[in-house]
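Below are the chains, spelled out letter by letter.
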Amino acid sequence: MKGEKLLIVKYENQMYDITDFMHKHPGGIGTLGDLAGKNVDITNRFTTMPPHSDAARYLMKEYRVPESSMNHQKNSPNGKISNGNGIHLNGHTNYKGQKEEVNNNDDLHTTLDDSMEYLVDWSSAMIPQIRKLGKNYGEWVNKPVDRPLRLFGPWYLEILTKTPWYIVPLFWFPIIVYLVIRGSANIAAVNHEIQPLQVVLYFAIGVLAWTLLEYSLHRWVFHMETERMGGIGATLHFLIHGLHHKVPFDPYRLVFPPLPAMMIASAVYPAIALLFTTQSLVVLAGGLAGYVVYDMIHFYLHYGNPSGGHLYFMKRYHYQHHFVHHDKGFGISSSMWDDIFGTKILLRSLQYILRWR
């Protein structure tokens, strides 16, 4: 963030610029804030309190500062890390650039960095490359990075994959209101009078049904077994959810784009109409409202700063799903179905409140 001190730390004899990571850290800014401007060795701290997951260790590589940049910092009058042209760079940005230069030389890259990112070219569109990962896809996709991701080459396709959070309520709220009005009229026509309690009841049924669909999609579709997938299956998996685990800090890929969401709603509606007939539009409205709330919660869990209550619990819970337990914690808006199906993550008790801003 603007105006913040550079946060350069030493870990296992390598220097890391984690300035931009402070507000993304699952443990909050309190975990790193006291280190700002000190250039301390965090090796012991990183390995013991608390123990970090393999995903966290992998993500750490993103912020490694090349030795050449550190040498330039020593000779720089303002002490900033710069590239050869004197342009200020965060350590992880420069490091990413260095990695891209050796993407086409597997042996050289493996010598410089023991990550799996040499398997793909991050400067090119990712979708055409997924099928080439083969059996490595399942392991690669669950190793997070912090860098820009381009899915498609043509700009007109790429722009469709990026969705600012506010697009979701702007798109769906008018549709939900229309469905409630139209559905209420259908119920009134059958009963020959307005039935507000019945509308509320079936709207609530739709919301509850969404929470089960949310859990089911996340567990059995978004986290389907990847080992036996072919190239097409891996590509589809990456598009619908894998990319979120690979680049969990991308703010434009945290909510579901309206077009695929409409496709799912259209696929589900015939079953709703079969079960509820007259009340089907109100049930659909409730389900869509549950979906919108879910998407807003998901964005907030990644970029918000809850100070307590349910959202605070769910932020810690969701980060555990991302960086520790990929096979548990499938609930986003709540952990209710995780409780029922035995996939709940047990969080450590803390003696302090975490802060992310």
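Residues numbered from 1 in each chain as written. Predicted model: local features only at pLDDT ≥ 70, side-chain atom pairs only at ≥ 80, totals over all residues. Heavy atoms only, no water.

1. Here we look at unusual backbone geometry
- One non-glycine residue, E12, adopts positive backbone phi at about 50°.
- Residue placement: E12 occurs in the loop between β1 (8-11) and β2 (14-17). (Helix = DSSP H or I, 4+ residues; strand = E, 2+ residues; numbered from the N terminus.)

2. What to know about the packing of aromatic side chains
- Taken as a whole and assessed by the stated rule, the structure comprises 27 aromatic pairs.
- Between the aromatic rings of W122 and W140, the centroid separation amounts to 6.5 Å while the plane-to-plane angle is 40°, which identifies the pairing as tilted. Here W122 is found in the loop between α5 (106-112) and α6 (127-130), whereas its partner W140 is found in helix α7 (residues 137-141), with 18 residues between them in sequence. Each member of the pair, W122 as well as W140, is classed as buried.
- On the numbers, 5.9 Å between centres and 55° between planes, the contact of Y319 with F323 is tilted. In this pair, Y319 and F323 both sit in helix α14 (residues 309-323), four residues apart, roughly one turn of the helix. (Phe/Tyr/Trp six-rings, centres within 6.5 Å; stacked < 30°, edge-to-face > 60°. Buried < 20%, exposed > 50% of the residue type's maximum accessible area, 1.4 Å probe, protein only.)

3. Looking at the nonpolar core
- With 31 residues, the main nonpolar core has V168, W172, I176, L179, L288, Y291 and V292 as its most contacted residues.
- Of all the elements in the fold, those that place two or more residues in this core are α9 (167-191), α10 (196-222), α12 (258-276), α13 (280-303) and α14.
- Tallying contributions element by element places α13 first for this core, with 13 residues.
- The residues touching V168, leaving out its near neighbours within four places in the chain, are V255, F256, Y291, V292, D295 and M296. (Core = buried A, V, L, I, M, F, W, Y, C linked by side-chain atoms within 4.5 Å. Contact = heavy atoms within 4.5 Å.)

4. A look at α13
- Across its 24 residues, α13 extends 35 Å between first and last C-alpha, which sits within 8% of the 34 Å expected from 1.5 Å per residue.
- Across the 24 residues of α13, 20 count as buried, placing the element largely inside the fold. (Expected span 1.5 Å × (residues − 1).)

5. Some words on the packing of α10 against α13
- Running from N to C, α10 and α13 point in directions that differ by 50°, and their axes come no closer than 7 Å. Overall, the two elements α10 and α13 adopt an arrangement that is oblique. α10 and α13 meet at a crossing whose hand is right-handed. For the pair formed by α10 and α13, the contact residues are V199, Y202, F203, G206, V207, W210 and E214 on the first element and V282, V283, A285, G286, G287, A289, G290, Y291 and Y294 on the second.
- For the contact of α10 with α13, the per-class residue count stands at eleven nonpolar, four polar and one charged. (Axes fitted to C-alpha atoms, helices over the stretch in contact; angles between N-to-C directions. Parallel < 35°, antiparallel > 145°, perpendicular 65-115°, else oblique. Left-handed = near helix turned anticlockwise from the far one by under 90°. Nonpolar A, V, L, I, M, F, W, Y, C, P; charged D, E, K, R; others polar.)

6. Quick notes on the pairing of β1
- Where β1 meets β2, four bridges bridge the pair, whose relative direction is antiparallel. Residue pairing across strands places Y11 opposite Q14, the latter belonging to β2.
- From the end of β1 to the start of β2, which pair antiparallel, there are two residues, and E12 there has a positive phi angle of about 50°. (Pairing = 2+ DSSP bridges.)

7. Some details on the pattern of salt bridges
- Evaluation of the coordinates by the stated rule reveals seven salt bridges.
- Of the charged contacts in the structure, one is a salt bridge between K24 and D146, with a shortest N-O distance of 2.9 Å. Taken together, the positions of K24 in the loop between β2 and α1 (43-48) and D146 in the loop between α7 and α8 (155-158) put the pair 122 residues apart, joining distant regions of the chain.
- Given the relative accessible area of 9%, D146 is considered buried.
- Salt-bridge contacts for D250 lead to R253; the nearest nitrogen and oxygen are separated by 3.1 Å.
- Take D250: its relative accessible area is 13%, and that puts it in the buried class.
- Relative accessible area serves as the criterion here: at 7%, R253 is assigned to the buried category.
- When salt bridges that share partners are traced, they join E158, D250 and R253 into one network. (Salt bridge = Lys/Arg side-chain N within 4 Å of Asp/Glu carboxyl O.)

8. A word on the confidence of the model for the chain
- Per-residue confidence for the chain gives a mean pLDDT of 85, with 85% of residues at or over 70.
- Confidence drops under pLDDT 50 across residues 82-113; counting only partners more than four residues distant or on other chains, this segment forms 63 contacts. (pLDDT = per-residue confidence, 0-100.)

9. A look at the packing of α9 against α10
- Where α9 meets α10, the closest approach of the two axes is 10 Å, and the angle between their N-to-C directions is 130°. One way to sum up the angle between α9 and α10 is to call them oblique. When you trace α9 past α10, the crossing you get is right-handed. Each of I176, V180, S184, I187 and N191 in α9 lies in contact with α10, whose residues at this interface are Q198, V199 and F203.

10. A look at the side chain of T163
- Residue placement: T163 occurs in the loop between α8 and α9.
- We classify T163 as buried; its relative accessible area is 4%.
- With residues near it in sequence (within four places) discarded, T163 still touches P251, Y252, V255, P257 and P258.

11. Quick notes on the side chain of T235
- Among the structural elements, T235 can be located in helix α11 (residues 231-246).
- Residue class for T235 comes out buried when judged on its relative accessible area of 15%.
- Ignoring anything within four residues of it in the chain, the contact list for T235 reads I127, I130 and R131.

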